[in-house]
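# Structural characterization, general
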Amino acid sequence: MTDFSSANTKTDLDIGLVGDHRNLSKIKKLGLGDKKAQALALKAAAEQFQSLLNQYWVDAMRKSNDTLNPDSPLHSKYSGFFEDMLAQQNVSAMTSNAGVNKNSITYLLTKQFAKSLGDEGKELMAELDKLSVSGRGGHIKGSSVPKLTNFISSHVDGEASISKLRKLYAGLPDPETMKNFESHEDFVEKMMPYAIKAVEGLGFNPLVLVAQAALETGWGKHVSSGNNYYGIKANSSWKGDSEKLTSPEFRNGKMVNEVSAFRKYSDVLESMKDYISFIKENPRYKDAVDKSYSPDEYFEEIQKAGYATDPNYAEKLKTISRKIAFMAYK
């Protein structure tokens, strides 16, 4: 349990939107600390209001654009999902760099909140005014008071996004067709319903599932007979079926072909579910688990953890994920 009772706390505080009860709990705990911690809690609460104001503003702009351009060719059954993700990222960026700036909306909101606290509010504002802020996320110089960080992934409402995307599909494609793809668009069209099904209740982004499957299988051109869409090898801990396959690996800066045992699955859905379990249950991927809704960060973390030997693995995944988002607007 994180202790926010003292300004000597050395633990970083990651606060997203308070729609997540865990983040609300963090603010409450911070508010039980000393004056500096309470001042930061007040500022954190103000940041939540600024995020909501920014969200309303961004949503209003999107609605206005839709009204002015109802027949835009950029509108598709996918575009709303990706526009929602982009909008939430923009809101995060607009709020995350506010710091303790007396000209910022966050500061003005904090000052307004403080007025309702009377003399105590004046004391908290005095503490806040003494804090010197540097860098992204508001780290306090000369103090070990927790920094307030807004990660993009914390601002994405995963369940709401999945719910919207789920409505776009009537059902799962025939499993027999999941090794035959006519194009990149066809790959996404067929894989996304399975990805949505695989992530149900797990708080995982289906987009990263589709992107990584695209890279590992060459957009579906090289799906193994064992339906292994993620190139997961069968080590001694694997209790299921396996098959020997030749795969390219980077060794000492060169690509070589190696024969290894790979896991076998009954179909694409089982492969996806096992991939999610593989990531969530393997300690070496702990830094990636909660970042799937920030695909770039997620891809970087799984590469750092050694998911693949290719030194450009994360960059390739980023490129593919951008292609998927781009195709969604066609």
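This is a predicted model, so every value here is computed, not measured.

It is worth spelling out the overall build of the chain at this point. Counting secondary structure elements, the chain contains 12 helices and six strands. Counting every position in the chain, which comprises 330 residues, the buried fraction comes to 45%. Considering only contacts within the chain whose residues lie at least 6 apart along the sequence, 63% involve residues at least 24 apart. For the chain, the exposed surface amounts to about 17200 Å²; the carbon and sulfur share of it is 52%.

Counting through the fold element by element, Ser 260 comes out in strand β6 (residues 254-263). Setting aside residues up to four positions removed in sequence, Ser 260 forms contacts with Lys 233, Glu 243, Lys 244 and Leu 245.

To continue, consider the packing of helix α9 (residues 206-217) against helix α11 (residues 295-304). Across the interface, α9 lies against α11 with an axial gap of 11 Å and an inter-helix angle of 55°. With respect to their mutual orientation, α9 and α11 come out oblique. In this structure, α9 crosses over α11, and the sense of that crossing is right-handed. Contacts between α9 and α11 involve Leu 207, Val 208, Ala 211 and Gln 212 from the former and Pro 295, Tyr 298, Phe 299 and Ile 302 from the latter. The class makeup of the residues in the contact of α9 with α11 is seven nonpolar, one polar and no charged.

Another point: the packing of aromatic side chains. All told, the structure shown has 12 aromatic pairs when counted by the stated rule. Geometrically, the ring pair formed by Phe 187 and Trp 219 is edge-to-face, given 5.6 Å between the ring centres and 75° between the ring planes. Highlighted residues: Phe 187 in helix α8 (residues 184-198) and Trp 219 in the loop between α9 and β5 (242-251), separated in sequence by 32 residues. Just as Phe 187 is buried, Trp 219 falls in that class too. Ring geometry for Phe 278 against Tyr 285: centres 5.7 Å apart, planes inclined by 50°, an arrangement best described as tilted. Taken as a pair, Phe 278 and Tyr 285 share a single burial class, namely buried.

Note that Leu 168 resides in the loop between α7 (158-166) and α8. Taking relative accessible area as the criterion, Leu 168 reaches 27% and is therefore assigned partly exposed.

On to the pattern of salt bridges. Taken as a whole and assessed by the stated rule, the structure comprises 12 salt bridges. The salt bridge involving Arg 263 is made with Asp 274; its shortest N-O contact spans 2.8 Å. Here the residue Arg 263 occupies a position in strand β6, and Asp 274 occupies one in helix α10 (residues 268-281), the gap between them amounting to 11 residues. The exposure classification of Arg 263 matches that of Asp 274, with both residues buried. Where salt bridges share partners, they join Lys 291, Glu 301 and Lys 304 into one cluster.

The next thing to look at is the nonpolar core. Counting 49 residues, the largest nonpolar core has Met 191, Leu 209, Tyr 275, Ile 302 and Tyr 307 as the members making the most contacts within it. Mapped by element, the contributors of at least two residues to this core are α7, α8, α9, α10, α11 and α12 (313-328). Here this core gets eight residues from one element, more than from any other, and that element is α8. Excluding residues within four positions of it along the chain, Leu 209 makes contact with Ala 195, Ala 198, Val 199, Phe 204, Tyr 230, Met 272, Tyr 275 and Ile 276.

To continue, consider the side chain of Ser 224. Its place among the elements puts Ser 224 in the loop between α9 and β5. Excluding residues within four positions of it along the chain, Ser 224 makes contact with Lys 179, Glu 243 and Leu 245.

This brings us to α10. For the α-helix, the turn length of 3.6 residues means that residues three or four positions removed from each other point alike. Given a rise of 1.5 Å per residue, 14 residues ought to cover 20 Å, and the 20 Å separating the end C-alpha atoms of α10 matches this to within 8%. Val 268, Leu 269, Ser 271, Met 272, Asp 274, Tyr 275, Ile 276, Phe 278 and Ile 279 are the residues of α10 that are buried. Among the residues of α10, the N-terminal cap falls to Asp 267, whose side-chain oxygen and the backbone nitrogen of Leu 269 are separated by 3.2 Å.

On to the pairing of β5. Strand direction decides the pairing type here: β5 and β6, joined by 10 bridges, are antiparallel. Residue pairing for β6: Ser 242 is matched across the bridge by Arg 263. Hairpin geometry of β5 and β6 is characterised by an intervening segment of two residues between the two adjacent antiparallel strands and by a positive phi of about 55° at Asn 252.

With 62% of its residues at a pLDDT of 70 or more, the chain shows a mean pLDDT of 74. The secondary-structure element of the chain with the lowest mean pLDDT is strand β4 (residues 148-149), recorded at 36, while α10 shows the highest, at 97. Low pLDDT, under 50, characterises residues 1-21; the predicted model gives this stretch 57 contacts beyond four residues in sequence or across chains. Between residues 132-155, whose pLDDT stays under 50, and residues either more than four places distant or in other chains, the model counts 74 contacts.

The rules behind these values
Residues numbered from 1 in each chain as written. Predicted model: local features only at pLDDT ≥ 70, side-chain atom pairs only at ≥ 80, totals over all residues. Heavy atoms only, no water. Helix = DSSP H or I, 4+ residues; strand = E, 2+ residues; numbered from the N terminus. Buried < 20%, exposed > 50% of the residue type's maximum accessible area, 1.4 Å probe, protein only. Contact = heavy atoms within 4.5 Å. Areas by Shrake-Rupley, 256 points an atom, 1.4 Å probe, with all protein chains shown as cover. Axes fitted to C-alpha atoms, helices over the stretch in contact; angles between N-to-C directions. Parallel < 35°, antiparallel > 145°, perpendicular 65-115°, else oblique. Left-handed = near helix turned anticlockwise from the far one by under 90°. Nonpolar A, V, L, I, M, F, W, Y, C, P; charged D, E, K, R; others polar. Phe/Tyr/Trp six-rings, centres within 6.5 Å; stacked < 30°, edge-to-face > 60°. Salt bridge = Lys/Arg side-chain N within 4 Å of Asp/Glu carboxyl O. Core = buried A, V, L, I, M, F, W, Y, C linked by side-chain atoms within 4.5 Å. Expected span 1.5 Å × (residues − 1). Polar contact = N/O pair within 3.5 Å; in protein donor to acceptor, adjacent residues only side chain to side chain. Pairing = 2+ DSSP bridges. pLDDT = per-residue confidence, 0-100.

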